[in-house]
Amino acid sequence: MMYALIYDDHDLEHRLKRVTSVHETRAEAEGVLAEHRKTHGKRLEQCNMRVVWIEEQVAAGDSVTPDQFETWRPGEPIPEGELHSDED
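Note that the structure is predicted; figures quoted are calculated from it, not measured.

## A short note on helix 1 (residues 26–40)
Piece 1. With 15 residues, helix 1 ought to run about 21 Å at 1.5 Å a step, and its terminal C-alpha atoms sit 21 Å apart, in line with that.
Piece 2. Among all positions of helix 1, only R26, A29 and L33 are buried. Buried residues along helix 1 cover an arc of 70° about the axis, so they all sit on one side. Facing away from the buried surface of helix 1 by more than 90 degrees, the exposed residues are A27, K38 and T39.
Piece 3. Buried positions along helix 1 lie against strand 1 (2–7), strand 2 (17–23) and strand 3 (49–54).

What follows is the structure, given as structure tokens:
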């Protein structure tokens, strides 16, 4: 069980998502994501990478499908800003 940084272009036709790195904590994964955005000059909304929770062992370079990951670990507190859609 781990957090992973995946490349996700949000295209429903492309179900395979490439794992770019794996981490023991969400904070560690978010730090790597922040560094990526800083070096590539992309805001969060423009970045096609995101942090997910995966129940099985994966490694950087593996591919996963949406059935294999969740945005939040079960029981993990979800920040208030993530509870509601921006489209409401």
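## A few points about the environment of E30
Piece 1. Positionally, E30 belongs in helix 1.
Piece 2. With 27 residues separating them in the primary sequence, E30 and Y3 have C-alpha atoms 9.5 Å apart.

## Quick notes on the environment of Q68
Piece 1. Along the chain, Q68 turns up in the loop between strand 4 (63–64) and strand 5 (69–70).
Piece 2. What makes Q68 partly exposed here is its relative accessible area of 25%.
Piece 3. Once the C-alpha coordinates of Q68 and V52 are considered, the two residues, 16 residues apart in sequence, prove to be 9.8 Å apart.
Piece 4. Excluding residues that lie within four positions of it along the chain, Q68 makes contacts with W53, I54, E55, E56 and S63.
Piece 5. Engagement of the side chain of Q68 in a polar contact is seen with the backbone nitrogen of T65, the distance being 2.7 Å.

## Quick look at the nonpolar core
Across soluble globular proteins, nonpolar side chains show a tendency to be buried alongside one another.
Piece 1. Counting residues in each nonpolar core, the largest one holds 9 residues, listed as M2, A4, I6, V19, V52, I54, V58, V64 and F69.
Piece 2. For this core, the element with the highest residue contribution is strand 1, accounting for 3 residues.
Piece 3. In this structure, A4 is in contact with V19, S21, V22, R50, V51, V52 and I54, ignoring residues within four places of it in sequence.
Piece 4. In this structure, Y3, L5, L33 and W53 belong to the second largest nonpolar core, which totals 8 residues.

Rules of the game
- Residues numbered from 1 in each chain as written.
- Predicted model: local features only at pLDDT ≥ 70, side-chain atom pairs only at ≥ 80, totals over all residues.
- Heavy atoms only, no water.
- Helix = DSSP H or I, 4+ residues; strand = E, 2+ residues; numbered from the N terminus.
- Expected span 1.5 Å × (residues − 1).
- Buried < 20%, exposed > 50% of the residue type's maximum accessible area, 1.4 Å probe, protein only.
- Arc of directions from axis to C-beta.
- Contact = heavy atoms within 4.5 Å.
- Polar contact = N/O pair within 3.5 Å; in protein donor to acceptor, adjacent residues only side chain to side chain.
- Core = buried A, V, L, I, M, F, W, Y, C linked by side-chain atoms within 4.5 Å.

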